[in-house]
Amino acid sequence: MSMEEFNMQIYSCSRCRLWQGAKHGVPGEGPLNAKVMLVGQNPGADEDELGRPFVGRAGRFLTKMLTEHGIKREDLFITNIVKHVSPQNRKPFTDEVAACLPYLTAQISFIKPKIIVLLGASAKEAPRVEGIEYIQIIHPSAAMRFTNMREKFRLQIADLSKRIQQTSK
Ligand code: SF4
């Protein structure tokens, strides 16, 4: 199955209730041979509008931080635990996460990243695969809002940049 066909499954998915309030499914984007995968919690309003991950304020902040540390956003595969926006951007329910995780599992097995970066606590739900290094960092929306977290986030991105350079694909 091609990635386009895979994404079509997400666009027409009704395995959980989240599709009902969404304009677009947001499968994720990036090279299919990406060394690094970024995983967030769920698409927000801007992502729902455009059908692309991390394109709102937090996404722009993330992209800026990555760029400042020599990481090209276009080299990463960026996605979320669930692929449709949730009402009022609430945390996805356990059954919604469970329904959607097979998509992320499939993306991981297709892309075979060396590193998976978990953005925020909810991304901890990402399936664990032997041989992949998992790096947990602060969610960019929290880092953007809270000054005390911003510096820590900057250091985490700096560490990630070093780790990427040390890792071959
Ligand atoms: S969030 Fe995931 S499981 Fe739920 S409808 Fe969307 S694609 Fe399907």
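Refer to the structure printed above.
First things first, this report covers the structure right here in the doc. (Residues numbered from 1 in each chain as written. Predicted model: local features only at pLDDT ≥ 70, side-chain atom pairs only at ≥ 80, totals over all residues. Heavy atoms only, no water.)

## Side note on the overall build of the protein chain
- Scanning the protein chain from N- to C-terminus turns up six helices and four strands.
- N-terminal to C-terminal, the α/β element order of the protein chain is α-β-α-α-β-α-β-β-α-α.
- At 15 Å, the protein chain has a C-alpha radius of gyration in line with the 15 Å of a compact globule built from 169 residues.
- Overall, the protein chain is about 40 × 35 × 25 Å in size when its C-alpha atoms are taken along their principal axes.
- Buried positions account for 51% of the 169 residues belonging to the protein chain.
- Sequence-distant contacts, at least 24 apart, represent 70% of the contacts inside the protein chain between residues at least 6 apart. (Helix = DSSP H or I, 4+ residues; strand = E, 2+ residues; numbered from the N terminus. Rg over C-alpha atoms; globule rule 2.2 N^0.38 Å. Buried < 20%, exposed > 50% of the residue type's maximum accessible area, 1.4 Å probe, protein only. Contact = heavy atoms within 4.5 Å.)

## Notes on the site of the ligand
- In the neighbourhood of the ligand, the contacting residues comprise C13, R15, C16, L18, W19, K83, H84, A99, C100 and Y103.
- A majority-of-atoms criterion places the ligand in the largest cavity.
- Looking at side-chain class alone, the shell around the ligand contains seven nonpolar, one polar and two charged residues. (Near = heavy atom within 4 Å. 1 Å grid on protein atoms, 1.4 Å probe; cavity = no way out; pocket = protein on both sides within 12 Å on 5 of 7 lines; lining within 4 Å. Sits in = over half its atoms within 2 Å of the grid points. Nonpolar A, V, L, I, M, F, W, Y, C, P; charged D, E, K, R; others polar.)

## Quick look at the layout of surface pockets
- When its volume is computed, the largest pocket comes out at roughly 500 Å³.
- Residue lining of the largest pocket: 21 residues in total, with Q41, N42, N89, H139 and S141 positioned closest to the centre.
- Looking at the lining of the largest pocket, the elements with two or more residues in it are α2 (45–50), α3 (57–68) and α5 (140–145).
- When grouped by side-chain class, the residues that make up the lining of the largest pocket number seven nonpolar, 11 polar and three charged.
- Quantified by volume, the second largest pocket comes out at close to 150 Å³. (Points joined across faces, edges and corners; volume = space filled by probe spheres on them.)

## Quick word on the nonpolar core
- With 25 residues, the main nonpolar core has M37, V39, I81, L104 and I116 as its most contacted residues.
- The set of elements that each furnish at least two residues to this core consists of α1 (3–11), β1 (36–40), α4 (94–111) and β3 (115–119).
- Among the elements that line this core, the one with the most residues is α4, at eight residues.
- Apart from residues no more than four positions distant in its own chain, V39 is found in contact with T79, N80, I81, L104, I116, V117, L118, L119 and A123.
- Within the second largest apolar cluster, 24 residues are counted, among which are L38, L66, I135 and I157. (Core = buried A, V, L, I, M, F, W, Y, C linked by side-chain atoms within 4.5 Å.)

## Some remarks on the side chain of N42
- Mapped onto the secondary structure, N42 falls in the loop between β1 and α2.
- For N42, a relative accessible area of 11% translates into the label buried.
- Looking at N42, its side chain comes within polar contact range of the side chain of Q41, at 2.5 Å.
- Other than its neighbours up to four places away in sequence, N42 contacts N80, V82, H84, S86, N89, R90 and P92. (Polar contact = N/O pair within 3.5 Å; in protein donor to acceptor, adjacent residues only side chain to side chain.)

## Here we look at α1
- What α1 keeps buried is the set M3, F6, N7 and I10. Along the long axis of α1, the arc covered by the buried residues comes to 95°, so they all point the same way. Exposed side of α1, more than 90 degrees from the buried face: E4 and M8 are the residues found there. (Arc of directions from axis to C-beta.)

## Regarding α4
- In this model, α4 (18 residues) spans 25 Å end to end at C-alpha, consistent with the 26 Å of a helix rising 1.5 Å per residue.
- A maximum bend of about 35° is found in α4 at C100, where proline P102 lies one to four positions downstream.
- Residues of α4 that are buried in the fold lie against α1, β1, β2 (77–80) and β3.
- Following α4 by one or two positions, K112 has its phi on the positive side, about 50°. (Expected span 1.5 Å × (residues − 1). Bend = angle between axes of the 7 residues up to and from the residue.)

## Thoughts on empty space enclosed by the protein
- By the definition in use, this model includes one cavity of 30 Å³ or more.
- Approximately 100 Å³ is the volume attributed to the largest cavity.
- Lining the largest cavity are 13 residues; nearest its centre among them are C13, C16, H84, C100 and Y103.
- Among the elements that take part in the lining of the largest cavity, α4 stands out by supplying three residues, more than any other.

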